[in-house]
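# Working through the structure, step by step
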Amino acid sequence: MDRVQNMQTIEKEILNLRAKYLSKGFEEVWIGFLQEDFISLDKVLIPERLRGEGLGTEFMTDLIDLADKYSLTIGLYPTAEYGATLSRLIYFYKRFGFIKNTYPNKDRNLKYSYPMLRIAKSEKFIKKEYSELVGKLLLEAFSYANVKSSNLKRIGYDPSESV
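Residues numbered from 1 in each chain as written. Predicted model: local features only at pLDDT ≥ 70, side-chain atom pairs only at ≥ 80, totals over all residues. Heavy atoms only, no water.

Using the criterion set out here, one finds 6 salt bridges in the structure. When the shortest N-O distance is used, the salt bridge between Arg3 and Glu36 registers 2.6 Å. With Arg3 in helix α1 (residues 3-23) and Glu36 in the loop between β1 (28-35) and β2 (38-45), this pair connects stretches of sequence that are 33 residues apart. In this structure Glu36 comes out as partly exposed when scored by relative accessible area, which is 39%. Between Glu58 and Lys24 there is a salt bridge, and its shortest N-O distance comes to 2.4 Å. Taken together, the positions of Glu58 in helix α2 (residues 55-69) and Lys24 in the loop between α1 and β1 put the pair 34 residues apart, joining distant regions of the chain. Taking the relative accessible area as the measure of exposure, Glu58 reaches 29% and is therefore partly exposed. (Salt bridge = Lys/Arg side-chain N within 4 Å of Asp/Glu carboxyl O. Helix = DSSP H or I, 4+ residues; strand = E, 2+ residues; numbered from the N terminus. Buried < 20%, exposed > 50% of the residue type's maximum accessible area, 1.4 Å probe, protein only.)

With respect to topology, 5 strands assemble into an open sheet ordered β1-β2-β3-β5-β4, the strand pairing being mixed. Every other strand in the sheet has two partners, leaving β1 and β4 (99-100) as the edge strands with one partner each. In this sheet, β2 lies alongside β1 in antiparallel orientation, the contact comprising 7 bridges. From the neighbouring strand, Glu28 faces β2, where its bridge partner is Leu45. This element, α1, spans β1 and β2 of the sheet and lies at about 170 degrees to β1. (Pairing = 2+ DSSP bridges. Contact = heavy atoms within 4.5 Å. Axes fitted to C-alpha atoms, helices over the stretch in contact; angles between N-to-C directions.)

Within the secondary structure layout, Gly56 lies in helix α2. By relative accessible area, which is 18% here, Gly56 ends up buried. Placed 30 residues apart in sequence, Gly56 and Phe26 show a C-alpha to C-alpha distance of 9.4 Å. If sequence neighbours within four positions are ignored, Gly56 has contacts with Phe26, Ile46 and Phe92.

The next subject is unusual backbone geometry. Note: most residues except glycine have negative phi, and most peptide bonds are trans. Of note in the backbone geometry, Ser71 takes a positive phi value of approximately 55 degrees without being a glycine. Within the secondary structure, Ser71 sits in the loop between α2 and β3 (73-76).

Rendered as structure tokens:
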């Protein structure tokens, strides 16, 4: 699937997700598809009569499944503007793997302007794998350097004494 087709598929799935929860009684569902690796959760408004029934959790689970399927990072601005307290919303989003965004946004990347982010599962995997690979390479480099130094010392050359 080419890039354009992939983006169209993601847009269609976002619209389907929105329609699903509007039909369940949500007052508003706004999800932005801003970059090919990023979506924003702009607004979800659940009527008071439906709150506490697990629909918010169900929605977030579906949104995260979609994001992980396409390696999308999710950004959001928690706000107490629609009835929930800010601390309750932050706790709720943290349960789904959202973290406080501490990136300074020096490159003006829209993705990093949101105060809470959930990094795509594949990005987490790549970062973990990269970190492990770098660690292994460093260990090998130091092991090689130590072996080489010890071999040099055996023949009377001490690299720590040279300038």
